[in-house]
Amino acid sequence: MVERTRFDDSDCPVARSVDAIGDWWSLLIVRDAFDGSRRFGEFQRSLGVAKNILTTRLRTLVAAGVLDTAPASDGSAYHEYVLTPKGRGLFPVVVALRQWGEQNLFAPGEPHSELLDRRQGRPLRALEVHAADGRRLTPDDTTVHKLD
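Residues numbered from 1 in each chain as written. Predicted model: local features only at pLDDT ≥ 70, side-chain atom pairs only at ≥ 80, totals over all residues. Heavy atoms only, no water.

### Description of the nonpolar core
This is how it is decided: Take the buried Ala, Val, Leu, Ile, Met, Phe, Trp, Tyr and Cys residues and link them wherever side-chain atoms come within 4.5 Å; each set so joined is a nonpolar core. For the exposure calls, accessible area comes from a 1.4 Å probe over protein chains only, and a residue counts as buried if that area is under 20% of its type's maximum, exposed if over 50%, partly exposed in between. Numbering of helices and strands runs from the N terminus, with a helix taken as a DSSP run of H or I at least four residues long and a strand as a DSSP run of E at least two residues long. Any pair of residues with heavy atoms lying within 4.5 Å of one another is described as a contacting pair.
If you look at the biggest cluster of nonpolar residues, it comprises 17 residues, and the most contacted ones within it are Ile29, Val30, Phe43, Leu58, Leu61 and Leu67. Ranked by residues supplied to this core, first place goes to helix α2 (residues 24-34) with four residues. Discounting residues that sit within four places of it in the chain, Val30 has contacts with Leu61, Val66, Leu83, Leu90 and Val94.

Set out below in structure tokens:
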């Protein structure tokens, strides 16, 4: 079996992030957690992923501090998975992926799920990247400064 390349000691924040949660199952688990899934069976039904793969991904997300386990809210012997503050910090990442997919992966008029503002019932504005002074930035407006 080929061993996966690891980036957990990279000096690049993107590489470390991909190392921690870049697997597609992991991001879909996080998405489902934002949508309210908490139990193994809920994740398994939503994703249709094999139980052994789901078990591995959930353990990895717990070990990375993205999810935590808690006693089941109904008092049963089961446990639930809850997003930690670190996991909740992935919300803009999931929204950005969703918005990119809406823009680039659906034909005009093709139906897809929508993320709505719960209070107003309306779709979210597109995410933008802004400078410290409020200017909207594009990739041409940024540079990576590598520390020695």
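### Considerations on the packing of α2 against helix α6 (residues 91-104)
Packed helix pairs are specified by the crossing angle of their axes together with the interaxial distance, meaning the distance between the axes. The line we're drawing: For helices, the fitted line uses only the C-alpha atoms of the stretch in contact; every axis is such a line through C-alpha atoms, and the angle between N-to-C directions lies from 0 to 180 degrees. Angle categories: roughly parallel below 35 degrees, roughly antiparallel above 145, roughly perpendicular from 65 to 115, and oblique for all the rest. Note that Gly is not counted as nonpolar here; it falls among the polar residues with everything else outside the nonpolar set of Ala, Val, Leu, Ile, Met, Phe, Trp, Tyr, Cys and Pro and the charged set of Asp, Glu, Lys and Arg.
Between α2 and α6, the shortest axis-to-axis distance is 10 Å and the interhelical angle comes to 105°. Viewed along their axes, α2 and α6 adopt a mutual orientation that is roughly perpendicular. Contact residues: α2 offers Leu27, Val30, Arg31 and Phe34, while α6 offers Phe91, Val94 and Leu97. Class assignment for the residues of the contact of α2 with α6 results in six nonpolar, no polar and one charged.

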